[in-house]
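# Structure at a glance
Here are the chains, one letter per residue:
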2 protein chains.
Amino acid sequence: MHTYLDCIPCLFKQGLSAARFSGADESVQRRVLEAIAGKIPELSLKRSPPEVALSIHNVIKEEIGSRDPYYIIKKRSNAEAMHLYPALEEKVNNSKDPLRMAVELAIAGNLIDYGARTDLDLETELETIFKREESVIDTQEARLFALETFKTALSDAETLLIIGDNAGEIVFDKLLLQVIRNAYPDIGMQYGVREKPVINDVTMEDALDTDLDSFARIVSTGCETPGAVLSLCSPEFVNLFKEADVIISKGQGNFEALSEEGRRTNGKLFFLFSVKCPVIAAAVSKLVGDSALVGDAALVEGN
Amino acid sequence: MHTYLDCIPCLFKQGLSAARFSGADESVQRRVLEAIAGKIPELSLKRSPPEVALSIHNVIKEEIGSRDPYYIIKKRSNAEAMHLYPALEEKVNNSKDPLRMAVELAIAGNLIDYGARTDLDLETELETIFKREESVIDTQEARLFALETFKTALSDAETLLIIGDNAGEIVFDKLLLQVIRNAYPDIGMQYGVREKPVINDVTMEDALDTDLDSFARIVSTGCETPGAVLSLCSPEFVNLFKEADVIISKGQGNFEALSEEGRRTNGKLFFLFSVKCPVIAAAVSKLVGDSALVGDAALVEGN
């Protein structure tokens, strides 16, 4: 998808929060906003939001003088989520439908997104997750319209590729991988991470920090955008993308990058994310704050 | 209060929504954002948010080519609120404490703010108002900590000045004036409006459209900022401000302009507004979405 004018105020919010997460003082925070303002006239809205975000975050990094302004918050997100892993695992194991529960948690884990918000309290978010998980399972069947399709796709699959999104969230993805491993032990699993730090997105370091490699082979997308834009990914990653039987794209950034690939992926691509802005809400006919498990077929049909 | 860096992303949001409310096409919307970006380096954060907003909205108006981009939405807000007036009036009349209910509605009416949000549905907001009004009256006594002080101030007052905020909301202020007139028939009432159109703020035209002049004399603040910055107001208005026994300041813009006047107004100034952003929430120790009836004494004491 292309970038919307509505994305522009958000770029400023991201710049300010990146500067603050990095510990920069107010004068640097202001310089960051001015530097972003300087880039507005040359922004190409024809490019996807992750491409635009990369160009802006490069400006932000340069102004702050840090190659990874979110470094500390990423480490903290991973550690906090790892601390909760045993409880999450128990929640899933005690569930009537562990795969469904793991999918719910993997979507909910996408709430951990310091690009979209800065006031996150993981404990509070998890309470929301558990509350929502029950209410969704009880009453909001319709929201998970792609779940059965997803299960069918997995049952026929030999290979699975998950394209990761955020630090912290990656621990929820690990749990999903664990559940898939238990249910479908023969599926070969791979997990895609960003080539370099951008916003609070997962890199190889986050995958190793959280021992995700005990369930999946970690691969870099080969691109730096906060969303896997295939034209910018490495040939190796594009090949994996083509060859995988099932692909799980986590988060809004990957949705923004990949939503138009649906036409070429023939029902194997599933988007799991929390809806974080009105533009995406409109694209998937949901509300901000909703969970989304959207199959590519649904997007092609315009559902 | 001074302007915060956090206000900058909001200025872009306001520019985009102003352009859209005026019916401008996408190329004009983009030009508006670029024009705001061009102003960021020279923004003085020492000035109050209403002063900064005025300078930005002048740029927006120039780029759009309209002196009042919110004209249509203001007319609609007034008409919709007037349509609901009889029901609101009944709600107040059937209340155990009509003044309290009218205060609740006047704060809730401040939700009608197309500067802070663009997706407002008045009917939905009113349901929220009625729901909230009951729950606040039942359980959230503490939020209205200044109500009794406010009542005492009114009972001793000969003159009252309300400084209005938004179109639509003005109808809720009219109801408050009506209730005060019934309870304290001898108070002379005046209602301050902006000198010229800015955002969706009330002007003389809105006051006359909604027959507010049947309860109060309408006066212009004499200034164009979306918030009555006294140093920019007319000497006549400043005099009214000094002489009034009780002043009700409606909305965040007036709070931003007047919160520091508390030290000089000696307990006669009351701020009624819905909290719309984290910066203001922190200033009054509340949450975004909360109702606020804050007496100036509380601000001086730092409560």
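All right, on to the interface of chain A and chain B then. Chain A puts 19 residues into the contact, and the matching count from chain B is 19 residues. When chain A packs against chain B, close to 1700 Å² is buried across both sides, 69% of that on carbon and sulfur atoms. Broken down residue by residue, the surface that chain A buries against chain B is led by Leu5, Pro9 and Arg30 of chain A, which jointly contribute 35%. Connecting chain A to chain B are two salt bridges. The shortest N-O distance in the salt bridge between Asp6 of chain A and Arg20 of chain B comes to 2.7 Å. Taken together, the connections running from chain A to chain B amount to eight residue pairs in polar contact (both at pLDDT 80 or more). If you list the elements that add at least two residues to the side of chain A that touches chain B, you get α1 (7-21) and α2 (26-39) of chain A. In the side of chain A that touches chain B, the residues fall into eleven nonpolar, one polar and seven charged.

Before going further, it helps to spend a moment on the relation of the copies chain A and chain B. When chain A is brought onto chain B, the operation consists of a screw motion whose angular component is 180° and whose axial shift is 0.0 Å, with 0.0 Å RMSD remaining. Viewed as a symmetry operation, the transformation between the two copies matches a two-fold axis.

Let's shift gears to the nonpolar core. Most often, soluble globular proteins have nonpolar side chains that are buried together. Formed by 50 residues in total, the largest nonpolar core has its most connected members in Ile8 and Phe12 of chain A together with Ile8 and Phe12 of chain B. For this core, the secondary structure elements donating two or more residues are α1, α2 and α3 (49-64) of chain A together with α1 (7-21), α2 (26-39) and α3 (49-64) of chain B. Excluding residues that lie within four positions of it along the chain, Phe12 of chain B makes contacts with Ile8, Pro9 and Phe12 of chain A together with Leu33, Ile36, Ala37 and Ile40 of chain B.

Two side chains bearing opposite charge may form a pair once their charged atoms approach each other closely. Residues and elements named next belong to chain A. For the structure on display, the rule yields 30 salt bridges over all chains. Between Asp165 and Arg194 there is a salt bridge, with the nearest N and O atoms lying 3.3 Å from each other. Within this pair, whereas Asp165 is found in the loop between β1 (159-163) and α8 (169-183), its partner Arg194 is found in the loop between β2 (188-193) and α9 (204-209), the two being separated by 29 residues in sequence. Here Asp165 matches Arg194 in class, with each residue buried. A salt bridge links Lys250 to Glu169; the nearest nitrogen and oxygen atoms lie 2.8 Å apart.

The next point concerns the sheet that holds strand β5 (residues 269-274) of chain A. Residue and element names in this part refer to chain A. In space, the six strands of this open sheet follow the order β3-β2-β1-β4-β5-β6, with mixed pairing throughout. Strand pairing shows two members of the sheet lacking a second neighbour, β3 (217-220) and β6 (291-295), which therefore form its edges. Here the average twist between neighbouring strands, direction ignored, is 20°. Relative to strand β4 (residues 246-250), β1 is paired through four bridges, and the arrangement is parallel. Directly across from Leu160, in β4, lies its bridge partner Val246. Relative to β5, helix α11 (residues 251-258) is tilted by about 140°, and along the sheet it contacts β1, β4 and β5.

In this section: the sheet that holds strand β1 (residues 159-163) of chain B. Residue and element names in this part refer to chain B. Pairing within the open sheet is mixed, and its six strands lie in the order β3-β2-β1-β4-β5-β6. The open sheet has two free edges, formed respectively by β3 (217-220) and β6 (291-295), since each of these has just one partner strand. With strand direction ignored, the average angle separating the axes of adjacent strands in the sheet is 20°. In this sheet, strand β5 (residues 269-274) lies alongside strand β4 (residues 246-250) in parallel orientation, the contact comprising four bridges. Looking at the pairing, Ser249 lines up with Phe271 of β5.

What counts, and where the lines are drawn
- Residue positions within a chain follow its written sequence, with the count starting from 1.
- Here the convention is simple: chains get letters from A, ligands get numbers from 1, in the order in which they are written.
- Under the rules for a predicted model, residues below a pLDDT of 70 receive no local features and side-chain atom pairs below 80 are neither given nor counted, while totals for whole chains, interfaces and linings still include all residues.
- The basis for the side-chain values is all heavy atoms of the structure; hydrogens and waters are excluded.
- Here, two residues are considered to be in contact whenever any of their heavy atoms come within 4.5 Å of each other.
- Once two parts are put together, the accessible area they lose, assessed with a 1.4 Å probe and summed over both, is termed the buried area.
- In the sections that follow, a salt bridge refers to a side-chain nitrogen of Lys or Arg positioned within 4 Å of a carboxyl oxygen of Asp or Glu.
- Pairing of N or O atoms within 3.5 Å defines a polar contact, subject to two protein rules: one partner must be a possible hydrogen donor and the other a possible acceptor, and residues neighboring in sequence count only if both atoms are side-chain atoms.
- Only DSSP runs of H or I reaching four residues or more are called helices, and only runs of E reaching two or more are called strands; each is numbered from the N terminus.
- Polar here means any residue other than Ala, Val, Leu, Ile, Met, Phe, Trp, Tyr, Cys and Pro, which are nonpolar, and Asp, Glu, Lys and Arg, which are charged; Gly is therefore polar.
- When the copies are overlaid, the least-squares fit takes in C-alpha atoms only where the residue has pLDDT of at least 70 in both copies.
- The nonpolar core is taken to be a set of buried Ala, Val, Leu, Ile, Met, Phe, Trp, Tyr and Cys residues, with the residues joined through side-chain atoms within 4.5 Å.
- Exposure classes here rest on a 1.4 Å probe applied to the protein chains alone. A residue is buried below 20% of its type maximum, exposed above 50%, and partly exposed in between.
- Two strands are said to pair when DSSP picks up at least two bridges between them.
- Fitted lines through C-alpha atoms serve as axes, helices being fitted only where they are in contact, and the angles separating the N-to-C directions of these axes extend from 0 to 180 degrees.

These results come straight from atomic positions and should not be treated as a statement about function.
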